[in-house]
2 protein chains.
Amino acid sequence: MFLFLWDKMGFLSNRIFNMGDSEGEEVSIIRELEKRNTKVTKLVMGDPSRYFEIQKNIKDAYNKAVNSGKTFYLDGPGLPELRDEVSNRYLKLYGIEAGKDKIIITQGVIEALQFLNYSIIYKNDNALLLAPFFTGYAPCVTLQEGRPLISNLKESDKWEIDIEDMERLLRISKPKYLLITTPNNPTGSILSKKSMEKIVEFGKNHDIFLVSDEIYDEIIYNGAKFTSLSKVATGVPHMILNGASKNYMATGFRIGFSIIPEEDKKSKELRDSFVKLSYSRLSANTPSQYAILEGLRNKKSHEKFIKGILPKIQTRSNLITNLINKTEYLTAIRPVGAFYVFAKIDFTKLDIKDDKEFVEKLLKEEHIQITKGSSFGFPGYVRIVSLPEEKIIYDVIRKIDEFCNRHKITTRTI
Amino acid sequence: MFLFLWDKMGFLSNRIFNMGDSEGEEVSIIRELEKRNTKVTKLVMGDPSRYFEIQKNIKDAYNKAVNSGKTFYLDGPGLPELRDEVSNRYLKLYGIEAGKDKIIITQGVIEALQFLNYSIIYKNDNALLLAPFFTGYAPCVTLQEGRPLISNLKESDKWEIDIEDMERLLRISKPKYLLITTPNNPTGSILSKKSMEKIVEFGKNHDIFLVSDEIYDEIIYNGAKFTSLSKVATGVPHMILNGASKNYMATGFRIGFSIIPEEDKKSKELRDSFVKLSYSRLSANTPSQYAILEGLRNKKSHEKFIKGILPKIQTRSNLITNLINKTEYLTAIRPVGAFYVFAKIDFTKLDIKDDKEFVEKLLKEEHIQITKGSSFGFPGYVRIVSLPEEKIIYDVIRKIDEFCNRHKITTRTI
């Protein structure tokens, strides 16, 4: 028998977890709309490069690399100078001593997660995720026939971790690793220093490898403070994920950084495994590694770039939050990192049953595409990308409000 | 327990198959040599971009893409215009009608093989490979806990397929797919039209999905004729792999093409799975997709480029073959495709026991690195990259000959 891929989609007890099932319907709706030449406003991709120009010195370095013939394969683990610069970044920002040999360059963060799951997830192994979580995490687990073990976070806890729930889950099964995201996609929250310390204790007490996706670690605003796992996890086996896609807004470069700083057996074996896996797929894109090398080296230029962008993201995120909270139907807490607003829908007021129906009908009727919470393992919510200009934001939220008004329940049958 | 990756290395009955075990030793030897400032001549990477400049119009298109802000994520399956051009290429070269929807852009051919194995290989499933085969194939299988089923080719058959052996293997287990490579890495051979037709019959008769890696399909010389699987497999479920790395010599771009042209259930499901997997890792590198689009569109410029390069590869490959056959110790048949010479070592004349020892001692003593046959699942041979200039080739083969002379067995103890 020829097995179909999504047979590999995992689930745990009654926490059935699906992905990629309804995007198909959204695609058909968009096709229909485009046939009729109807413009669709898409606020689904967290792609800053569609809204902001990347740094000029990075572009120049990219061109220089291409023109000078740097179009060959690089070493599997990445350009040595780039690995050195990533090492410097962690020393400078977080005081972490992690030399070049502790750093691997991957094709985006997703490849690092593929490497992680390739290395340690076998059939029926568990990986502990905190919902809501980034869409791409779960397939990396289930494709190795592993199963995500999910601890649900609460908006009422400001999306901080629930350590009791996590420990309760250990009674079901001991996961191979815990994966956290801070600053968070989709919630825009940042885990407090206290939460980060609890996570380190959790990893230490239960011998669970810790992974922190910190790809948005420079996209912080509204006065928030960020704690990198690297800063609090000294002596505890862990890995940090980062890259060029968000801080440098160079999503199309496909450059991720993995930092595995410790010297315990788990960390050493994982590093060795990452190196072997990196050779087995030859190399990440070469000119973009040279380009990001320039981006990391020229710190002043990058600081200036980020300083110019952050106020815009803050303004737009706050505007969306304010407008949404003025509606009768949606609420959201103010994000402090990344560039998303994660809004709760009050379905008691609407003739719409769930986030999937909400997103599909909104697309069909208002030609606005946003992401359903279910895609992040968290139904009942929607995610709105906070990158577009204010004019578009006003228009989008007004239309969402009109859409809800139209779907307001006026009479109830008992 | 924290399992180590290479636990996942597969094996079949007594055909123990190892990879990545001795490269570690070569790396240590090179480190030692470099400490002493000794230059190592490396003929291990099939990386034409280290020897030839890529097309100027492709570089220009790359720069244009970067400068005009094409640094965002593309659609998972790839830039639509590029998929159209790949479609046109197959129509023009092989008369195949495979529209854009049949084509997926991947991060090199390896990612396509990861997608294939993700999609259809479950624990203990088999994939049929023909040895010698490209180093990267087997890990993609074993990482899904599948096992390569291996049919050994023979140099005496000019590396053509042995259909009886393949059918005999079916009695052990029915593989999920057969993967062939033509033109071949490491042998430099091309499968005859007759072999290709037998392969199609094999796939049809035994209901086995066929995969043909044709990444070198323009690197053909010495008057050879190439038959693409796409040309003979109409109506039979199959997939063709190609990309920018060899024909365009743009290895560092990391751009592969998958063509799944048929309309049967297997092909449709695999296509659907490839699309989903492509979205789950967001996008291949964006500017390089625009660059290769120009490469495919401007056919005249590419034809001129290839015409300029092929005579050089032919001369260099033939020179290596001639020089090697003049030694007492190594023999090889003349390659007709790709850019490698796969040479057999006569160990009866040497105080060296196998290809692994040969390669390590040659590196240590002559500071020349070539690849052991074992890396391609084929001990007793070595692979020499035929891209360097004649001067280097003369020097390398002279040193190999001197090395063998020094290791010649003069007396035998009985």
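Residues numbered from 1 in each chain as written. Chains lettered and ligands numbered in written order. Predicted model: local features only at pLDDT ≥ 70, side-chain atom pairs only at ≥ 80, totals over all residues. Heavy atoms only, no water.

## Notes on the overall build of chain A
Okay, so step 1: In terms of regular secondary structure, chain A is built from 13 helices and 13 strands.
Okay, so step 2: Whereas a compact globule of 414 residues would reach a radius of gyration of roughly 22 Å, chain A reaches 22 Å, a difference of no more than 12%.
Okay, so step 3: Along the three orthogonal principal directions, the C-alpha set of chain A runs to about 65 × 50 × 50 Å.
Okay, so step 4: Counting only residues that meet the buried cut, chain A has 66% of its 414 residues in that class.
Okay, so step 5: Of the contacts made within chain A by residues no fewer than 6 positions apart, 75% connect residues no fewer than 24 positions apart.
Okay, so step 6: When the accessible area of chain A is evaluated, it comes to approximately 15900 Å², of which 51% is carbon and sulfur surface. (Helix = DSSP H or I, 4+ residues; strand = E, 2+ residues; numbered from the N terminus. Rg over C-alpha atoms; globule rule 2.2 N^0.38 Å. Buried < 20%, exposed > 50% of the residue type's maximum accessible area, 1.4 Å probe, protein only. Contact = heavy atoms within 4.5 Å. Areas by Shrake-Rupley, 256 points an atom, 1.4 Å probe, with all protein chains shown as cover.)

## Quick word on the domain arrangement of chain A
Residue and element names in this part refer to chain A.
Okay, so step 1: Per the domain assignment, the segments of chain A are domain 1 (2–52 + 302–406) and domain 2 (56–298).
Okay, so step 2: Between domain 1 and domain 2, the contact holds 43 residues from the first and 50 residues from the second.
Okay, so step 3: Approximately 3800 Å² of surface area, both sides summed, lies buried where domain 1 meets domain 2, with 61% of it carried by carbon and sulfur atoms.
Okay, so step 4: There are one salt bridge connecting domain 1 and domain 2.
Okay, so step 5: Inspection of the region where domain 1 meets domain 2 yields 19 residue pairs in polar contact (both at pLDDT 80 or more).
Okay, so step 6: For the side of domain 1 that touches domain 2, the secondary structure elements donating two or more residues are α11 (299–326), β10 (340–345) and β13 (381–385). (Domains from an automatic or database assignment. Buried area = accessible area lost by both parts, 1.4 Å probe. Salt bridge = Lys/Arg side-chain N within 4 Å of Asp/Glu carboxyl O. Polar contact = N/O pair within 3.5 Å; in protein donor to acceptor, adjacent residues only side chain to side chain.)

## Here we look at the relation of the copies chain A and chain B
Okay, so step 1: The two copies are related by a screw motion: chain A maps onto chain B through a turn of 180° and a shift of 0.0 Å along the axis, at an RMSD of 0.0 Å. Seen this way, the second copy is the image of the first under a two-fold rotation axis. Residue Asn63 of chain A of chain A places its C-alpha closer to the rotation axis than any other residue of that unit, at 2.7 Å.
Okay, so step 2: When the interface residues of chain A are mapped onto chain B, 100% of them again fall at the interface, so both copies present the same face. (Least-squares fit on C-alpha atoms with pLDDT ≥ 70 in both.)

## Things to note about helix α7 (residues 193–206) of chain B
Residues and elements named next belong to chain B.
Okay, so step 1: Here α7 is 14 residues long and its end C-alpha atoms lie 20 Å apart, about the 20 Å a rise of 1.5 Å per residue gives.
Okay, so step 2: Regarding α7, the residues found buried are Ser195, Met196, Ile199, Val200, Phe202 and Gly203. Projected down its long axis, α7 carries its buried residues within an arc of 155°, all on one side. Exposed residues pointing more than 90 degrees away from the buried face of α7 are listed as Lys194, Lys204 and Asn205.
Okay, so step 3: Where the residues of α7 are buried, they touch β3 (126–131), α6 (163–170), β5 (177–181), β6 (209–213) and α8 (229–232).
Okay, so step 4: Just downstream of α7, Asp207 is the residue with a positive phi angle, here 60°. (Expected span 1.5 Å × (residues − 1). Arc of directions from axis to C-beta.)

## Describing the nonpolar core
Okay, so step 1: Counting 272 residues, the largest nonpolar core has Phe358 of chain A together with Phe358 of chain B as its most contacted members.
Okay, so step 2: Each residue touching Phe358 of chain B, except ones within four places of it in the same chain, is listed here: Leu330, Ile345, Phe347, Leu350, Ile352, Ile370, Val382, Ile400, Phe403 and Cys404 of chain B. (Core = buried A, V, L, I, M, F, W, Y, C linked by side-chain atoms within 4.5 Å.)

## A short note on the packing of helix α11 (residues 299–326) of chain B against helix α13 (residues 390–406) of chain B
Residue and element names in this part refer to chain B.
Okay, so step 1: Where α11 meets α13, the axes come as close as 10 Å, and the angle between the chain directions of the two elements is 20°. As summarised for this structure, α11 and α13 are arranged roughly parallel, according to the angle between their axes. Of the two elements, α11 crosses α13, and the hand of that crossing is right-handed. Residues Thr315, Arg316, Leu319, Ile320, Leu323 and Ile324 of α11 form the contact with α13, whose participating residues are Glu390, Ile393, Tyr394 and Ile397. (Axes fitted to C-alpha atoms, helices over the stretch in contact; angles between N-to-C directions. Parallel < 35°, antiparallel > 145°, perpendicular 65-115°, else oblique. Left-handed = near helix turned anticlockwise from the far one by under 90°.)

## Brief notes about the pairing of strand β10 (residues 340–345) of chain B
Residue and element names in this part refer to chain B.
Okay, so step 1: Counted residue by residue, β10 has five buried out of six residues, so it is predominantly covered.
Okay, so step 2: In this sheet, β10 lies alongside strand β9 (residues 330–331) in antiparallel orientation, the contact comprising two bridges. In the strand pairing of β10, Leu330 is matched with Ile345.
Okay, so step 3: Sheet topology places β10 next to strand β13 (residues 381–385); five bridges connect them, and they run antiparallel. Note on β13: the bridge partner recorded for Val341 is Ile384. (Pairing = 2+ DSSP bridges.)

## So, the pattern of salt bridges
Okay, so step 1: Overall, the coordinates contain 69 salt bridges over all chains when judged by the stated rule.
Okay, so step 2: Of the charged contacts in the structure, one is a salt bridge between Glu366 of chain B and Arg406 of chain B, with a shortest N-O distance of 2.9 Å. Taken together, the positions of Glu366 of chain B in helix α12 (residues 355–366) and Arg406 of chain B in helix α13 put the pair 40 residues apart, joining distant regions of the chain.
Okay, so step 3: For Glu366 of chain B, a relative accessible area of 10% gives the class buried.
Okay, so step 4: Judged by its relative accessible area of 46%, Arg406 of chain B is partly exposed.
Okay, so step 5: Shared partners join several salt bridges into a network, and the residues in it are Lys102, Glu263, Lys268 and Arg271 of chain A.

## So, the confidence of the model for chain A
Residue and element names in this part refer to chain A.
Okay, so step 1: With 93% of its residues at a pLDDT of 70 or more, chain A shows a mean pLDDT of 93.
Okay, so step 2: The low-confidence segment residues 1–22, where pLDDT is below 50, has 63 contacts with residues more than four positions distant or belonging to other chains.
Okay, so step 3: Scoring of the predicted complex yields 0.94 for pTM and 0.93 for ipTM. (pLDDT = per-residue confidence, 0-100.)

## A short note on the sheet that holds β3 of chain B
Residues and elements named next belong to chain B.
Okay, so step 1: Spatial strand order, β2-β8-β7-β6-β5-β3-β4: seven strands in an open sheet with mixed pairing. In the strand order of this sheet, the two ends are held by β2 (103–106) and β4 (147–152), each with one partner. Taking the axes of each pair of neighbouring strands and ignoring which way they run, one obtains an average angle of 20° across the sheet.
Okay, so step 2: Bridge analysis of β5 against β6 gives five bridges, and the strand direction is parallel. Within β6, the position partnered with Leu178 by the bridge is Leu210.

## Overview of the interface of chain A and chain B
Okay, so step 1: Counting residues at the interface gives 63 residues for chain A and 63 residues for chain B.
Okay, so step 2: Carbon and sulfur atoms make up 57% of the area that chain A and chain B hide from each other, which totals about 6000 Å².
Okay, so step 3: Summed over the shared surface of chain A and chain B, the number is zero salt bridges.
Okay, so step 4: Taken together, chain A and chain B are joined by 33 residue pairs in polar contact (both at pLDDT 80 or more).
Okay, so step 5: Within the residue set of the side of chain A that touches chain B, elements represented by two or more residues are α2 (56–67), α4 (108–120), α9 (265–280) and α10 (286–297) of chain A.
Okay, so step 6: Counted by class, the side of chain A that touches chain B contains 26 nonpolar, 22 polar and 15 charged residues. (Nonpolar A, V, L, I, M, F, W, Y, C, P; charged D, E, K, R; others polar.)

## Some details on the sheet that holds strand β9 (residues 330–331) of chain A
Residues and elements named next belong to chain A.
Okay, so step 1: On the basis of which strands lie adjacent, the open sheet formed by four strands has the order β9-β10-β13-β12 and antiparallel pairing. With partners counted over all chains shown, the strands left at the sheet margins are β9 and β12 (371–372), one partner each.
Okay, so step 2: Of the strands in this sheet, β9, β10 and β13 touch α11, which is tilted by about 10° from β10.

## Focus on helix α13 (residues 390–406) of chain A
Residues and elements named next belong to chain A.
Okay, so step 1: Compared with the 24 Å implied by 1.5 Å per residue over 17 residues, the 24 Å span of α13 between its first and last C-alpha is a close match.
Okay, so step 2: Listing the buried residues of α13 in full gives Ile393, Val396, Ile397, Ile400, Phe403 and Cys404. Taken down its axis, α13 places every buried residue within 115° of arc, on the same side.
Okay, so step 3: Where the residues of α13 are buried, they touch β1 (41–42), α11, β9, α12 (355–366), β11 (368–369) and β13.

## Description of the packing of aromatic side chains
Okay, so step 1: Summed over the entire model, instances satisfying the criterion amount to 34 aromatic pairs over all chains.
Okay, so step 2: Arranged with centres 4.9 Å apart and planes meeting at 10°, the rings of Phe342 of chain A and Tyr381 of chain A form a pair that is stacked. In this pair, Phe342 of chain A is assigned in strand β10 and Tyr381 of chain A in strand β13, connecting sequence segments 39 residues apart. Here the two residues Phe342 of chain A and Tyr381 of chain A agree in accessibility, since each one is buried.
Okay, so step 3: Through pairs of rings, three or more aromatic residues link up here, namely Trp159, Phe342, Phe376, Phe378 and Tyr381 of chain A.
Okay, so step 4: Over the aromatic face of Phe72 of chain A sits the side chain of Arg50 of chain B, whose NZ or CZ is 3.7 Å from the ring centroid.
Okay, so step 5: Cation over ring: Lys70 of chain B sits above Tyr290 of chain B, and NZ or CZ is 5.3 Å from the ring centre. (Phe/Tyr/Trp six-rings, centres within 6.5 Å; stacked < 30°, edge-to-face > 60°. Lys NZ or Arg CZ within 6 Å of the ring centre and 35° of its normal.)

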